[in-house]
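Structural overview
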Amino acid sequence: MTGRFGSVITAMVTPFDDNGALNVDAAVKLAKWLTDNGSDGLVLAGTTGEGPVLTDDEDVELWRAVTEAVSVPVIAGTGTNDTRHTIELTKRAEDSGVAGALVVTPYYNRPAQAGIEAHFRAVAAETKLPIIIYDIPIRTGRRVARDTFVRLSDVGNIVGVKDAALDVAGSAALRAAMPESFEVYSGNDDQTLALMASAGAVGVISVASHWAGVYIAEMIAAAEKGDLGYAAEVNRRLLGSWDFQTSEAAPNPIPTKAMMRVMGHSVGQCRLPMGPAPAGLEDEARRVLANLQRA
């Protein structure tokens, strides 16, 4: 089953110029290129888009420009660890014309499940946008409990989850507990096939789709047809991409920006605290790309 926002949704990097300023023209150009190369939708100003280091005005400028430039759904990353700020950003995203909002679990302050539930209810109540909850406990310090999701199932515009909980069995149990209309998107490229096979995931919110979108779409299409053998074959071709996209020395999105520069896209470096790519990363990007194309 294809998700409402498509099967391959790219969590797009945010281009900056040589001075670290937002490069909207480059963002529009990259967004159009991605939609021509396997992306059914885009997430803007999420983690990969360096949302934490963008100002609210930069968010709005980015959302509006890309939404006007592409025909695929644009999902705005509006989540913060402040409920009031998240509501304000989500309202501004809705005014920008986006198709949905990706709202991460409040990070760092580690609220109890009651606070997590109240946060998502408060945000959903202030917008008509469909909301995807972003569950990524490795970054937030809190997992959204299955019972919390079940309680939130009465909120009509909470429509799915970007599942980066790293628990395939738990994700399968979540899928079984939720209404049929609730959509699970893999939040980790390397778990997409497993989540499709066991948890009924409808696709992926992807990083590697910046350079491997066509292959990821091919893998997902095979899995949807029930051809898990071929899907696994394509997944094996992508193992190098899964390994490349983040590491201790170069966390996401540093490698993706390096890959985009290698491929001729003017995305610049990451803002601090991520900062510039370490030496040799662009050479590694060239090797990953060459091996993918040879496979």
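Residues numbered from 1 in each chain as written. Predicted model: local features only at pLDDT ≥ 70, side-chain atom pairs only at ≥ 80, totals over all residues. Heavy atoms only, no water.

**Things to note about the environment of G160**
Along the chain, the position of G160 falls in strand β6 (residues 158-163). When the C-alpha atoms of G160 and Y134 are compared, they prove to be 8.8 Å apart, with 26 residues separating the residues in sequence. For G160, the contacting residues outside a window of four places in its chain are I131, I132, I133, F182 and E183. (Helix = DSSP H or I, 4+ residues; strand = E, 2+ residues; numbered from the N terminus. Contact = heavy atoms within 4.5 Å.)

**Overview of the pairing of strand β8 (residues 203-206)**
Put simply, side chains in a regular strand alternate between the two faces of the sheet. On β8, burial covers both faces: G203 and I205 on one face and V204 and S206 on the other are all buried. Across three bridges, the pairing between strand β1 (residues 8-11) and β8 is parallel. By the bridge assignment for β8, I9 is matched with I205. Judged from the two bridges that link them, strand β7 (residues 183-186) and β8 form a sheet pairing that is parallel. The residue bridging S186 from the neighbouring strand is V204, located in β8. Note that the unit made of β7, helix α8 (residues 192-199) and β8 has a crossover that is right-handed. (Buried < 20%, exposed > 50% of the residue type's maximum accessible area, 1.4 Å probe, protein only. Pairing = 2+ DSSP bridges. Right-handed = clockwise from strand over helix to strand, strands pointing away.)

**So, the sheet that holds β8**
With respect to topology, eight strands assemble into a closed barrel ordered β1-β2-β3-β4-β5-β6-β7-β8, the strand pairing being parallel. Taken pair by pair, the neighbouring strands of this sheet meet at an average axis angle of 25°, ignoring direction. Across three bridges, the pairing between strand β3 (residues 74-77) and strand β4 (residues 100-104) is parallel. Note that in β4 the partner of A76 across the bridge is A101. Sheet strands touched by α8: β6, β7 and β8. Its angle to β7, the strand with the most contacts, is close to 155°. (Axes fitted to C-alpha atoms, helices over the stretch in contact; angles between N-to-C directions.)

**Quick word on the nonpolar core**
One finds W63, V66, I158, W211, I216 and L238 to be the most contacted residues of the largest nonpolar core, which totals 79 residues. The greatest single-element share of this core, amounting to eight residues, is contributed by helix α9 (residues 209-224). The residues contacting L238, other than those within four sequence positions of it, are A212, Y215, I216, M219 and L292. Within the second largest apolar cluster, 15 residues are counted, among which are I132, Y134, A164 and I205. (Core = buried A, V, L, I, M, F, W, Y, C linked by side-chain atoms within 4.5 Å.)

Keep in mind that these numbers describe shape and distance, not what the molecule does.
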